[in-house]
Amino acid sequence: MSLEQLINDCKNNDTKAQEQLYRLFSSKLFAICLKYSRNYAEAEDNLQDGFLIIFDKIHQFNFKGSFEGWIKRIMINNVLQQYRGVSFLELINENISDDSEIEIDDESISMDYLMKIIQELPDRYRLVFNLYVMDEYSHKEIAEMLGITTGTSKSNLARGRMILKEKIESYTALNKLPSAR
Amino acid sequence: MSERKNIDRLFQEKFKDFEVAPQQHVWDNIEAKLKEKKKRRVIPFWFRLSGVAAALLIGLVIADRLHDNPTQPENNVVLENTGKNATDAPKGKTATGIAVEDNTKPDAVKTQQQATSPMPIDNHPNPGNNNLNPNNTSTIPVASQAHKQHNDPQPNAPQKYQSGGKNSRLVPKQENAVVYTKRNSQKNADGKNRLTEEKRKNNLQLQNNQTTVAENGGNALKTQSVINQNTDAKNPGNTDNPNPKTSGTGIANDILNNKSSDASPEKTTAITENENTDIKKTDTTAVATVVPNALEELLNEKEKQVTNAERKVNRWQITSNVAPIYFSSTTNGSPLDSRFENNKKTYAPTLAYGVGVQYAINKKLAVRSGVNSVGLEYNTNDIVFFQTESARKIQNVNNNIQGSMIEVDNPSQGLAATLGRTSSSSNVGRTIKQYNGNINQKTGYVEVPVELSYKITDRKFGLEVIGGISTLFLNQNEVSLVGSGIEMNIGEANNLSSLHFSTNLGLGIKYKLMKSLQAHLEPTFKYQINTYSNDAGNFKPYFFGLYTGLSYRF
């Protein structure tokens, strides 16, 4: 069955088609949820809510643009919805070193650890870091999506980066002897 | 293996094509929520449908109102004109004839104004052309004069109608002049004619066409009547002028047209001898075929409007209904108590009555609504009842004081069993009588149907299919016991929805008594949905009504 046919069946609330669509995209979307959420359990909740929104709004999809892009955007927006409202103390316009270079041994770092440190980031930093780095939104777009200024977005990104960098450095320091230059 | 790299790059590379399959329980949750949603949607679906139907009905009412208004002034204009063209009226023209005349008049005004007033230059080429032909020179001034007189009256037509006497005398000449100019333009510029033939927007040609239409139209037998009316319209003097020679102006016009039409073939043939024939032939035929079509269209349009107006008159219909109602259930449950599920039920025929209104969307399809009062009644047979202080309640009945002292049961669970069960001291030493009887449940509803009917045949006898839904509002709820010589109310059912629906399917048989009055018989089946708010005891009710009544169209 073609994707188009599957989508049309979903529009008619066909449960079989909905399940098939879920099987097709859940892995990709769950990866997004994991990156944007605080932990595994919340990622599952967000995935569930996101799919319900997708099935609810699928009749609005009119085959303009890629379906995958469409459902990704829904999923991201849904997750943003969850964490956008959470505000925390802002420290802006502080000089943050732009040195995001890091010495690293590619193989030495596990996916699990990277996921863990992303999830551990404060909500806003995590969202901005994901949006900017992983999903390649511009600061302007991020500012609109989160209801913040581009300046805040930039500083949030830099802070997120710094935290990640520190954690990776401490991780490599713990797990490996410092390698000779 | 270590290298310095940007932290962004690190994450981008690592998370590229990163996929994690979620656990099964996530889908289970989603599926459960989806199902829940589907279930919840059952009733809103009906609400939505009835909402759509109601909106349609309201929209039609409004549209009809709006539609009526513009047609009324139009009719008034027609009436006024017939009043003004007093001499027209005796001609015995039909309504459509007048309408056409009325319509063509403003058209003629428009085109003539277009042709002459904004572009005075256009008139000049014609006289210029005419000048080449020495024979015609004398007629030109008259023609142009006639044109001017002709054009001027249009803005304030009624006043100038009076002075139409003069114009009428000029008319034959004018028409001749027009023929000449037409011919001249043909003669002078064949190529130009071809061009103008194609580009009929050209003002000069428009003027020519407009005038030659009259003559050529007069030749074309097919559209003669239309053209006559057209000339009527164009020469208000003609129509208004009480011609002393003839009894009716219509005849006068005919004569005029005949004259001109007599004249024009002669002249055109005369020219065809002189000129190369091909172009002219095509030219004249082209004018004769194209232009009458436009007029025919106008005529058709008018006729359509008239017939529409006629039909519109009969779009609405009010009906009265009386119907014997046969209530029943597709299953043998009991909405009162599961104890009585297997008892035999007898359904009492009742009566429904009401009024309705119907709006015809088109010839075949109509929307209808109304208000009916419906009573439904049935008996649960073969029960026993007796008085006891510790009466076992009927599951879905809220007892009144009387009812709370009475136990109702199947005979096998009767008095003896109850005494065994309760051995209450209050029962000792009293004679307790057990009665055989029925439980009677009466419910009454106000029914608001929204239905569509489709006519299969529509003659003296009509046949139609009816489908739709009804919304039923509970307004009577009574449970009583009926024994030999006893009937008492014991309370009301607590599981009836205050509002429920039915899907309706029926067949309508109509008989026209008079033009606007008809009798009808509509056997209709109504399957009830959501009648009981909770425990319906496997009772699936429906009712069948033989709706009879009269309906009046207006």
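The coordinates are above.
If you're wondering where the values come from, they're calculated on a predicted model, not measured in any experiment.

Caption draft 1: Structural context of the overall build of chain A. In terms of helices and strands, chain A carries eight helices and one strand. The helix and strand sequence of chain A, counted from the amino end, reads α-α-α-α-β-α-α-α-α. Going through the 181 residues of chain A one by one, you find that 49% of them count as buried. Within chain A, residue pairs in contact and separated by at least 24 positions form 71% of the contacts whose partners lie at least 6 positions apart.

Caption draft 2: The packing of aromatic side chains, seen in detail. Summed over all chains, the structure comprises 23 aromatic pairs over all chains. A centroid spacing of 6.5 Å and a plane angle of 80° characterise the contact between A:F55 and B:W27, whose relative ring orientation is edge-to-face. You can see A:F55 sitting in helix α3 (residues 40-57) and its partner B:W27 sitting in helix α2 (residues 24-40), one on each of two chains. Both residues of the pair, A:F55 and B:W27, belong to the buried class. With centroids separated by 5.5 Å and ring planes inclined at 20°, the aromatic side chains of B:F385 and B:Y435 adopt a geometry described as stacked.

Caption draft 3: Spatial organisation of the pairing of strand β8 (residues 434-458) of chain B. Residues and elements named next belong to chain B. In the sheet, strand β5 (residues 365-387) pairs with β8 via 18 bridges, with the strands oriented antiparallel. Across the sheet, I383 pairs through a bridge with G437, a residue of β8. Sheet analysis places β8 next to strand β9 (residues 461-483), joined by 21 bridges and oriented antiparallel. Each residue of the ladder has a partner; that of Y445, found in β9, is L474. In sequence, β8 turns back onto β9 through a hairpin of two residues.

Parameters and conventions
- Residues numbered from 1 in each chain as written.
- Chains lettered and ligands numbered in written order.
- Predicted model: local features only at pLDDT ≥ 70, side-chain atom pairs only at ≥ 80, totals over all residues.
- Heavy atoms only, no water.
- Helix = DSSP H or I, 4+ residues; strand = E, 2+ residues; numbered from the N terminus.
- Buried < 20%, exposed > 50% of the residue type's maximum accessible area, 1.4 Å probe, protein only.
- Contact = heavy atoms within 4.5 Å.
- Phe/Tyr/Trp six-rings, centres within 6.5 Å; stacked < 30°, edge-to-face > 60°.
- Pairing = 2+ DSSP bridges.

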